[in-house]
Amino acid sequence: MRPRRTHEGCAIAGSLSQTQDVAHVSRLAVVGALTASIAHEIHQPLGAILANAEAGDLLCDRVRKGDAAALATLREILSDVRRDALRASGVIRDVRALARRRVPAFAPFDANALALSTVRLLAVDLRRRRLRIDVQPLPGDATLHGDCAQIERVLVNLLLNAMDATASRPPPRPPIGLGIARTDTGSIEFTVKDAGPGLSEAHLARLFHSFHSTKAHGMGLGLSIARSTVEAHGGTIRGENNAGAGATFRVTLPGG
């Protein structure tokens, strides 16, 4: 005879099933948030590719007529398209590496050069929003040792946040500051300074928590991932309000 299922057994089975359902829903929520974060990260390079493609299309007739200046501009556009495509690919690669818990690929790189190339990545978005980033390089040696692509992703995230904050002001808008300096302990510090509305005390307390965002449509993962990246490099990241308007984020990394 088949053994009779007791009410207690049914209750346990039902409880396990409900627990598994809750866990599954939680996983789906995390996957959905990560997907939205990835979409946000690759939106900018894909938008730049589209804008450059449209600009290149307008130059084709001039190139066919032998316009040397148009040809040179078209070559620059194709170089930008390639760079932005590689950046979008890098976002996907970094997310996959994060899922695999890959350690950063450490190598020496120049902090000043990274800052300038990061600003160039955002050139299309800056023109569209009519914003400017002023870079203040570090005089002399600015060598860092780390995963350059991952630190670039941190700077892009901070600069996009600064652009969002600055864009909330009426024009003419002050420039965003991107500074590179050496601390008293020999570390190198990036500072991203905006003149936006600043950060409330409530937001400051949870600034780098996962799924916490000050934006209406933000997913709250950018700063959390940035902190994980910086800490994996042995550094620190913090945000603070300026004495006047806006906020400043500081990324401090061990010098190379």
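In this text the structure is predicted, and so the values were computed from the model without any measurement.

Helix and strand content of the protein chain: seven helices and seven strands. Reading the protein chain from its N end, one meets helices and strands in the order α-α-β-α-α-β-β-α-β-β-α-α-β-β. Once local pairs closer than 6 in sequence are excluded, the contacts in the protein chain between residues at least 24 apart make up 71%. For the protein chain, the computed accessible surface area is about 15,200 Å², with 58% contributed by carbon and sulfur atoms.

The pairing of strand β6 (residues 236–241) with strand β7 (residues 247–253) spans six bridges and is classified as antiparallel. Counted as the bridge partner of Glu-240 is Thr-248 from β7.

Examined against the element boundaries, Ser-187 turns out to sit in the loop between β4 (176–182) and β5 (188–193). With relative accessibility at 15%, the residue Ser-187 sits in the buried group. With residues up to four places along the chain from it excluded, the contact list for Ser-187 reads Ala-181, Arg-182, Thr-252, Leu-253, Pro-254 and Gly-255.

For sheets, the rule is that strands pair by backbone hydrogen bonds, running either parallel or antiparallel. As summarised here, the arrangement of the five strands in space is β2-β4-β5-β7-β6, forming an open sheet in which the pairing is mixed. If you trace the sheet from one side to the other, it starts and ends with β2 (133–136) and β6, each paired once. In this sheet, neighbouring strand axes are inclined to one another by 15 degrees on average, regardless of whether the strands run parallel or antiparallel.

Across the protein chain, the average pLDDT comes to 78, with 71% of residues at or above 70. Below pLDDT 50 for its whole length, residues 19–30 participates in one contact with residues either more than four positions away or in separate chains.

Here we come to the pattern of salt bridges. Counted by the stated rule, this structure contains eleven salt bridges. Arg-129 is paired through a salt bridge with Asp-164; the nearest N and O atoms lie 2.6 Å apart. You can see Arg-129 sitting in helix α4 (residues 123–129) and its partner Asp-164 sitting in helix α5 (residues 148–167), a full 35 residues away along the chain. Through salt bridges with shared partners, a single network forms among Asp-125, Arg-128, Arg-129 and Asp-164.

Taken as a whole, helix α7 (residues 222–232) has its buried residues at Leu-223, Ser-224, Ala-226, Thr-229 and Val-230. Of the surrounding elements, those touching the buried residues of α7 are α5, β6 and β7. Just downstream of α7 lies Gly-234, where phi reads positive at about 75 degrees.

The next thing to look at is the pairing of β4. Successive side chains on a regular strand alternate, one facing one side of the sheet and the next facing the other. The pairing of β2 with β4 spans four bridges and is parallel. Residue pairing for β4: Val-135 is matched across the bridge by Leu-178. When β4 meets β5, the two strands line up antiparallel, connected through six bridges. Bridging from a neighbouring strand, Gly-177 pairs with Lys-193 of β5.

By size, the foremost hydrophobic cluster in this structure holds 38 residues, and its most contacted members are Leu-122, Ile-133, Leu-158, Phe-190 and Val-251. At the level of secondary structure, the elements contributing two or more residues to this core comprise α3 (111–121), α5, β4, β5, α7 and β7. Top contributing element to this core by residue count: α5, with nine residues.

Analysis parameters
Residues numbered from 1 in each chain as written. Predicted model: local features only at pLDDT ≥ 70, side-chain atom pairs only at ≥ 80, totals over all residues. Heavy atoms only, no water. Helix = DSSP H or I, 4+ residues; strand = E, 2+ residues; numbered from the N terminus. Contact = heavy atoms within 4.5 Å. Areas by Shrake-Rupley, 256 points an atom, 1.4 Å probe, with all protein chains shown as cover. Pairing = 2+ DSSP bridges. Buried < 20%, exposed > 50% of the residue type's maximum accessible area, 1.4 Å probe, protein only. Axes fitted to C-alpha atoms, helices over the stretch in contact; angles between N-to-C directions. pLDDT = per-residue confidence, 0-100. Salt bridge = Lys/Arg side-chain N within 4 Å of Asp/Glu carboxyl O. Core = buried A, V, L, I, M, F, W, Y, C linked by side-chain atoms within 4.5 Å.

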